[in-house]
Structure formats: structure tokens, C-alpha cells
There are 2 protein chains.
Amino acid sequence: MNSRIQQLRELMDKENLDAVLISSLSNITYLSSFSGFTTEDRDAYLFITKKNQYIFTHPIYNEVAQKDFSDFTLVEYRRNNPFNQAVKGIIEKEKITSVGFEAFDLTVNDYNVLTQKVNKKLFQPVNIINKLRVIKSSEEIQKIKDACKLGDKTFSYILNKLRINVTEKELATEIEFFIKRNNADISFEPVVAFGPNASQPHHIPDETKLKKNCFVLFDFGVKLNNYCSDMTRTIFFGKPTKEQEKLYYAVLNAQKASVDYLKNKLSLKQSVHAPTIDQVGRNYLTACGYSPFNHSSHGIGLNVHESPHLYPSSTDYMKSGMVFSIEPGTYSAEEYGIRIEDIYAIEDSKLVQLTKAPKKFTEISL
Amino acid sequence: MNSRIQQLRELMDKENLDAVLISSLSNITYLSSFSGFTTEDRDAYLFITKKNQYIFTHPIYNEVAQKDFSDFTLVEYRRNNPFNQAVKGIIEKEKITSVGFEAFDLTVNDYNVLTQKVNKKLFQPVNIINKLRVIKSSEEIQKIKDACKLGDKTFSYILNKLRINVTEKELATEIEFFIKRNNADISFEPVVAFGPNASQPHHIPDETKLKKNCFVLFDFGVKLNNYCSDMTRTIFFGKPTKEQEKLYYAVLNAQKASVDYLKNKLSLKQSVHAPTIDQVGRNYLTACGYSPFNHSSHGIGLNVHESPHLYPSSTDYMKSGMVFSIEPGTYSAEEYGIRIEDIYAIEDSKLVQLTKAPKKFTEISL
């Protein structure tokens, strides 16, 4: 933990920042390993200066602060005694002239409260911790591997639960309970979509009953030791037509095209602009006569969506230590949705696949 | 649904607003009944003008938008084509001169993106929908009653699961699964705390095993049809001492003192400043020689914490249609934590208790 704060301080030095105010929950977790603050309310801030680190939190977290933030100085923070007074005091005491803050997370209200007491000119938006998080250590990659492994187990478990008339919601609940019985959490609400329901990439599982001869799409993730997995598999319940089989393999080959492209670039030590990975898959699907997906692959770690960004406007380049999904799909409104998603890491310039559930077209016989 | 947008327009008129930009998930749900957007990413905005209503959302939600936002005009919103251009277009077309935005929710980044295209002076922070939400309709109160009823059932279910060596985590998982098997969701992560663990009001259930002769605190809530419940019960596993029984009844009587105070004020048609409700309970505990709680009771509805605010600095006054908790507690570090929480509504100037699980000191015999 302290080594991360040390790394952060080195970056602060490079970027001429005397201090950083951390408000986002995942960055608080990154710097402390503590993940118990809620998303409902603003429970805590970290304030890292060149020499000291502070946690501002509500007195109901006093014991947590003493246990999980033992090397932080605790500053009590209440609704009627907001943290801006404390920030002002530290800024004056430590002669701080520049403070980074997380503009992607801090609300306009919080910012206004802060700048009531402290000159606006001191503050600048930063995404500095992102620069550390985007490159994972081998310990972090191992944690993502562990989460992916439980994801694979979950997939083989849920395949055994398919039967005529089971609902999407029932299967989604089974996925969630299986993960939680294994002492992990879900990294997002599981998606289970039968047939045409899968044409919405973010379909919410409903009371639709499983009937024979349709695609079934599963998209779910595990959160284990704070790190996320994410995977999508599309299988067929019943006997597919030739055209359905062709559709499936078009998506699988689109994924293979993206993976081969990336592997090849890495082996040639050529730089890879992140959005080109999905573009290779989209081009493949278009060439096959299918509509390309309008969603994007994404980095993963403490958050299920994080850097590197692979969406079209991203300026990221792929590097060793990055962990991310590759997830092509093809959709036709009111007809079908097929998507295949795996998690990959670049370790020592080599592409490693972390999710390992089988991808050969799976037909579940009735 | 349309009636809520109508009410919002009446308020906009009173406050001289030509438009309101809605970003918070619960307000999007309030105006549409749709609750499927994620907290991970910013999936959607609503933009309500005097005559029109718009939804800005990513193309992956096109089908959702057509189904659940059928009376909204859909504007596609992508990372590389942000919504500020669309907002600018509507502002010019409809000759809008003042726009309310949710400063408590909108991030500094989103605000900066927005005001790149549109003059900052047009925007003003508002919490306008809060003024509607704080007064619940009888349909909304009914939904909260339904959630509370499932909470009561959950409590009687979990009491039967207490046994020597069961862990806090196992019981918390049982609570969650019971609620989910009943087609509802949890409104927050359940708290289960044995003995001294309860001295932290937000204790995270861990591997602590249940031993005989200790307090057990349960704090959990249900989310059903988008509306939340919340309740806390503290029971005793084994045989309490006289002092332990005295402690319990001090907290129960503190709650009774708050309730009686509020009932009396309502029957006399006197106004009630919200923070005085907890203060009566705190004073009671102090008079008994126990330390008063440093957390606060809270309003509840689509969010588990919402208006009216009962914390010390709140300026709210109690009114018919408000729904809220009353939850005194007393804590002693490394010794114990006792809290009792129920949900109440003011209906036609009368206080009605919505959670109904028994509060007589419960001793679970071994």
C-alpha cells in the first residue's frame, strides 16, 4: 500500500502537484485496500500531500479509519463541518500551491464547497492515479486471474441449469448466488438474454421463459479481493440452423481476428492504438455481411470498466501490464444478439487469455 | 408518469426555469419508472423543457428508450459526440434562457463539457425534483409499505438461522438471498454484527462466529418496485444480564420518546423541525447515562437516504407525505452497539409505522 502512495508522490512531483484530493471509491481502495465505503453517500476523501496523508471521514467510520487507514491522519468530517476547512488548514500549514482533484468524480456541489474556502486557482483536474492503475502489477493480474477462474466455474455451473421454461431472471439469480456462495461478489448485474432479447446489449433479465431452439447470452462478472472479471458466452439451446452456426462463428472469428492482430503487433514490437483492436473485429463482421457492434471493449481492474479505453475516440496505446476485454458482437433488432467476451492481459509483451471457458459453439440438447 | 413531468413543469415555472437537466439515476427513475441504467458509467440524461422532454442515451439503450421512454425524444449520446452539442441545439431552438442542473450529482467534468458549448450563465444548480419526491403520494407510500413488509418477513426468517458458530457473513448472505428469492433487491449491503462488532454502526459482516450470550444487530433493507425499506433490530443470543436488558430498553425507550414527541406535535398541529426528532432520543439516552448516537435518522423512498433530512444541520420541517426512519442507538467501542430502526410515514397528519417486526427484547435460547 505505502508503495502505491510512494509511486503517486513520484508522479505528483513530475506533474508539479503539491497535493491530490482523492474522492473516487476505487482510487480510495487502490491506495488503501479498503472497499467498505458506500456509493450512496460521500463517506470519505483522501488527501495526499508531499509528506503526509490524510483521511477525511464521518465519525461512524472512526474504527475503520484506525484499522484500515492506520498510516493516515484521521480528520473527522461531518455534514455541518465540511472538509473544506480542514483542507484549507493543511494547505496553509504545508504551504501547498497546487492541488489535483478528480473532476471525473467530484460533483459540482463538492467542488463549490471546497472552493468556498480555498482559492479556485490552486485546483486542477487530474486523473493521476489512473496512470498507475492502467499498468497492473503481477499481484494485481493474479487477482484478476482468480476472479476470471471463478467466472469460468460459474459458466459451467449455469449451463447445467438450462431447462425449458426457466426464466432469464431465475438464471441471473443463480449466477449471482453461485458467485456469492463462493465468497465473491458480482462485478455488475448479470445479463441473461434469450433469443431476440439479446439484441439489446444491456438487456435486463426478465420473466421471459426459455424455449427450444434459441440463442442464450450470458454476460457476467466476478469481484474477488476487489478485482473484477467479465465474460460473455452465447450458446444455443436446442438444434441450430446452419445460418445460426455461421452467425456464431462469424463473431468468434471476429474475436480471433482482433486477438491475432494484437498478438502479431506485439510480436513485431509495433505500437497498437487501442481502438484498432475492436476495429479489426468490426471490419471482419462487416466483410461477412453482418452488422458490426456499436459497443466497445474495455480495460478492467478494480472497476469493471477502466483504462485502457478501447472506444473509438480513445488515445490509449497498448502496453505490458494492461488488462482488458475483447468482445465483438453482432445484433439484429427483434431477432438475435451474439457476443463473445474474454479478458486478456499483456504480460512481458505477450497476450495472455485470463478467462478460459470453452468457446466451441455449444449446443445444449433438450 | 406524465403527471410528474407536469408537476415538474409547474415548479420550473415558479422558479423561472426554462429547462432542467436531470442526471441523477433516482430522478431519472422518478420521472420514467425505468431503473436499469448503471451506476458504473453515465448512461443517460433527461432534459425537460417547457414543451418537450428529451432523453440523451447511448445507442446500446435504443430499444430501452423506445419502450420505457416512449414519450421522450431520443437523442443519441456517444463518448465522441457528447450531449453538449445536442443541449446547445435545443437551447437555441427553444430560446431557453435558464437551465437548472443537479450540482449534487453532475461531476465537474460533465459540467465542463456542458459549458464548453453553452454559456455558463444559463446554468443554475437546482434540487427541484427533491421538492416533489419529499412528499410521497399514497401509491408511493404503499410501495414503501410493501418493501417494509418483506423486510419484516426477512427478519423473522433470519431469526431462525441463528446458531452457534454461524458467521456474520453467512447470515448477511442469507438475508440477501431471501430478499432476492422474493423477487426484490437489497436497498444496501446488509449489516450483521455480533457483540462488540456492532460498536461500528456500519460494520461490514465478516468471519466472526456467533458465540453464546451476545447482542446481534441486523440492519438491512429491501428494494421493491424501485422503493426502499430499511430496518434495524438488535436481539440477544443467549441469556442477557440485567444491565444488558437495561441497555436495550434504554434504546427502545429513546425511540419511543422520539415517536411520542412527534405524535404529540402532529396532534397539536405544531411544526416540527426535523432534527429535533433525533435530539429527543439523544437526550433520553444521555439522561439514562448512555452515550447518544452520532448518526442520524433519514428520509427514504427511491433512495435509502433522501429528504427529509433529520441530521443536526437540516432545515427541513416535517409534513404529511414524508417517509423516514427513526433510529436511535448507543455504542461503546469494543463493547457493544445497540440500535433500533423503524420506518414511519406521516399520512393525513398522523404518524404511521411501516415496519412492524416485534421490538420486545428478543432472547434467542440456545
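Residues numbered from 1 in each chain as written. Chains lettered and ligands numbered in written order. Predicted model: local features only at pLDDT ≥ 70, side-chain atom pairs only at ≥ 80, totals over all residues. Heavy atoms only, no water.

## Some points on the overall build of chain A
Then, number 1: Helix and strand counts for chain A come out as 10 helices and 20 strands.
Then, number 2: Once the C-alpha set of chain A is aligned to its principal axes, its extents read approximately 75 × 45 × 35 Å.
Then, number 3: Counting only residues that meet the buried cut, chain A has 58% of its 366 residues in that class.
Then, number 4: In chain A, 67% of the contacts between residues at least 6 apart in sequence involve partners at least 24 apart.
Then, number 5: Accessible surface, chain A: about 15600 Å² in total, of which carbon and sulfur atoms supply 48%.
Then, number 6: Averaging the positions of the 46 positive and the 44 negative side-chain charges in chain A gives two centres separated by 3 Å. (Helix = DSSP H or I, 4+ residues; strand = E, 2+ residues; numbered from the N terminus. Buried < 20%, exposed > 50% of the residue type's maximum accessible area, 1.4 Å probe, protein only. Contact = heavy atoms within 4.5 Å. Areas by Shrake-Rupley, 256 points an atom, 1.4 Å probe, with all protein chains shown as cover. Lys, Arg positive; Asp, Glu negative; His and termini not counted. Charge placed at Lys NZ, Arg CZ, Asp CG, Glu CD.)

## Brief notes about the interface of chain B and chain A
Then, number 1: Contacts between the two partners involve 42 residues from chain B, matched on the other side by 41 residues from chain A.
Then, number 2: With both sides pooled, the region where chain B packs onto chain A buries about 3700 Å², and carbon together with sulfur makes up 56% of that total.
Then, number 3: By the criterion of area lost to chain A, the three top residues of chain B are I60(B), E63(B) and V108(B), representing 17% of everything that side buries.
Then, number 4: Inspection of the chain B/chain A interface yields two salt bridges.
Then, number 5: One salt bridge connects E176(B) with K180(A), and the closest N-O pair in it is separated by 2.1 Å.
Then, number 6: Applying the counting rule to chain B against chain A returns 10 residue pairs in polar contact (both at pLDDT 80 or more).
Then, number 7: Mapped by element, the contributors of at least two residues to the side of chain B that touches chain A are helix 3 (62–68), helix 5 (108–117) and helix 8 (168–181) of chain B. (Buried area = accessible area lost by both parts, 1.4 Å probe. Salt bridge = Lys/Arg side-chain N within 4 Å of Asp/Glu carboxyl O. Polar contact = N/O pair within 3.5 Å; in protein donor to acceptor, adjacent residues only side chain to side chain.)

## Re the side chain of S98(A)
Then, number 1: Within the secondary structure, S98(A) is located in the loop between helix 4 (84–93) and strand 5 (99–101).
Then, number 2: Those residues in contact with S98(A) that lie beyond four places of it in its chain are N16(A), L17(A), D18(A), A19(A), L122(A) and Q124(A).

## Examining the side chain of T49(B)
Then, number 1: Structurally, T49(B) can be placed in strand 2 (residues 44–49).
Then, number 2: The residues contacting T49(B), other than those within four sequence positions of it, are R9(B), M12(B), D18(B), A19(B), Y54(B), I90(B), E94(B) and I96(B).

## Looking at the environment of A103(B)
Then, number 1: Position of A103(B) relative to the elements: it lies in the loop between strand 5 (99–101) and helix 5.
Then, number 2: For A103(B), a relative accessible area of 2% gives the class buried.
Then, number 3: Between the C-alpha atom of A103(B) and that of N127(B), which follows or precedes it by 24 residues, the distance is 8.1 Å.
Then, number 4: Here A103(B) is in contact with T107(A), V108(A), N109(A) and P125(B), once residues within four sequence places are set aside.

## Thoughts on the pairing of strand 3 (residues 53–57) of chain B
All names here are of chain B.
Then, number 1: Along strand 3, five of the five residues are buried, which leaves the element largely enclosed by surrounding structure.
Then, number 2: Where strand 2 and strand 3 come together, five bridges link them in antiparallel fashion. Paired with I48 across the strands is Q53, a residue of strand 3.
Then, number 3: From the end of strand 2 to the start of strand 3, which pair antiparallel, there are three residues.
Then, number 4: In this structure, strand 3 lies alongside strand 4 (residues 73–76), joined through four bridges in parallel fashion. Note on strand 4: the bridge partner recorded for Y54 is T73.
Then, number 5: Read from strand 3 through helix 3 to strand 4, the crossover connection turns out right-handed. (Pairing = 2+ DSSP bridges. Right-handed = clockwise from strand over helix to strand, strands pointing away.)

## A few points about the packing of helix 7 (residues 138–159) of chain A against helix 8 (residues 168–181) of chain A
Residues and elements named next belong to chain A.
Then, number 1: Taken N-terminus to C-terminus, the directions of helix 7 and helix 8 make an angle of 135°; their axes are 10 Å apart at the nearest point. When the interaxial angle is binned, helix 7 and helix 8 end up oblique. Helix 8 is crossed by helix 7, and the crossing has right-handed handedness. Every residue of helix 8 that contacts helix 7 at L150, K153, T154, Y157 and I158 is listed here: L171, E174, I175, F178, I179 and R181. (Axes fitted to C-alpha atoms, helices over the stretch in contact; angles between N-to-C directions. Parallel < 35°, antiparallel > 145°, perpendicular 65-115°, else oblique. Left-handed = near helix turned anticlockwise from the far one by under 90°.)

## A closer look at the pairing of strand 2 (residues 44–49) of chain A
Then, number 1: Among the six residues of strand 2 of chain A, six are classified as buried, and the element is accordingly described as predominantly covered.
Then, number 2: In strand 2 of chain A, alternate side chains face the same way, and those of A44(A), L46(A) and I48(A) on one face and Y45(A), F47(A) and T49(A) on the other are all buried.

## Re the packing of helix 8 of chain A against helix 8 of chain B
Then, number 1: Put simply, helix 8 of chain A and helix 8 of chain B touch, their axes get as near as 12 Å, and they point 175° apart. In terms of orientation, helix 8 of chain A lies roughly antiparallel with respect to helix 8 of chain B. Only E176(B), F177(B), K180(B) and R181(B) of helix 8 of chain B make contact with helix 8 of chain A, whose side of the interface consists of E176(A), F177(A), K180(A) and R181(A).
Then, number 2: In terms of residue class, the contact of helix 8 of chain A with helix 8 of chain B is built from two nonpolar, no polar and six charged. (Nonpolar A, V, L, I, M, F, W, Y, C, P; charged D, E, K, R; others polar.)

## Side note on the pattern of salt bridges
Then, number 1: Applying the stated criterion across every chain yields a total of 42 salt bridges over all chains.
Then, number 2: For the salt bridge of K180(B) with D185(B), the shortest nitrogen-to-oxygen distance reads 3.8 Å.
Then, number 3: The residue R233(B) makes a salt bridge to D342(B) at a minimum N-O spacing of 2.8 Å. With R233(B) in strand 12 (residues 231–237) and D342(B) in strand 18 (residues 342–347), this residue pair connects regions lying 109 residues apart in the sequence. For the pair shown, R233(B) and D342(B) are each scored as buried.
Then, number 4: If you follow the salt bridges from partner to partner, you end up with E176(A), K180(A), D185(A), E176(B), K180(B) and D185(B) in one network.

## Thoughts on the sheet that holds strand 20 (residues 363–364) of chain B
Adjacent strands of a sheet pair through backbone hydrogen bonds, lying either parallel or antiparallel.
All names here are of chain B.
Then, number 1: Ordered by their spatial adjacency, four strands build an open sheet running 8-9-12-20, and the pairing between neighbours is mixed. Among the strands making up the open sheet, the edge pair consists of strand 8 (191–194) and strand 20.
Then, number 2: In this sheet, strand 20 lies alongside strand 12 in parallel orientation, the contact comprising two bridges. The residue of strand 20 that forms the bridge with F236 is E363.

## Thoughts on the sheet that holds strand 7 (residues 185–186) of chain B
All names here are of chain B.
Then, number 1: Pairing in this open sheet of three strands is antiparallel, and the strands run 7-10-11 from one edge to the other. What marks the edges here is a single partner per strand, and that holds for strand 7 and strand 11 (227–228).
Then, number 2: Direction of pairing for strand 7 relative to strand 10 (residues 222–224): antiparallel, over a ladder of two bridges. When the sheet's bridge partners are listed, D185 is paired in strand 10 with K223.

## Side note on the relation of the copies chain B and chain A
Then, number 1: The two copies are related by a screw motion: chain B maps onto chain A through a turn of 180° and a shift of 0.0 Å along the axis, at an RMSD of 0.0 Å. The relationship between the two copies is best expressed as a two-fold rotation axis. No C-alpha of chain B lies nearer the rotation axis than that of T107(B), which sits 2.0 Å from it.
Then, number 2: Comparing contact sets, 95% of the residues at the interface of chain B also lie at the interface in chain A, consistent with an isologous, same-surface contact. (Least-squares fit on C-alpha atoms with pLDDT ≥ 70 in both.)

## Section: the packing of aromatic side chains
Then, number 1: Under the definition given, this model contains 39 aromatic pairs over all chains.
Then, number 2: Taken together, the ring pairs in this structure connect F34(A), F37(A), Y61(A), F69(A) and F72(A) into an aromatic cluster.
Then, number 3: The cationic tip of R282(B) hangs over the ring face of F293(B); the distance from NZ or CZ to the ring centre is 4.5 Å. (Phe/Tyr/Trp six-rings, centres within 6.5 Å; stacked < 30°, edge-to-face > 60°. Lys NZ or Arg CZ within 6 Å of the ring centre and 35° of its normal.)

## Regarding unusual backbone geometry
Then, number 1: In this chain, S307(A) is followed by P308(A) through a cis amide linkage whose omega measures 0°.
Then, number 2: Positionally, P308(A) belongs in strand 14 (residues 306–309).

## Some thoughts on the environment of D260(A)
Then, number 1: Its place among the elements puts D260(A) in helix 9 (residues 242–267).
Then, number 2: Of the residues examined, D260(A) reaches a relative accessible area of 36% and is grouped as partly exposed.

## Observations regarding the confidence of the model for chain A
Then, number 1: Mean pLDDT for chain A: 94, with 99% of residues reaching 70 or above.
Then, number 2: Interface confidence for the predicted complex, expressed as ipTM, amounts to 0.89; the pTM equals 0.91. (pLDDT = per-residue confidence, 0-100.)

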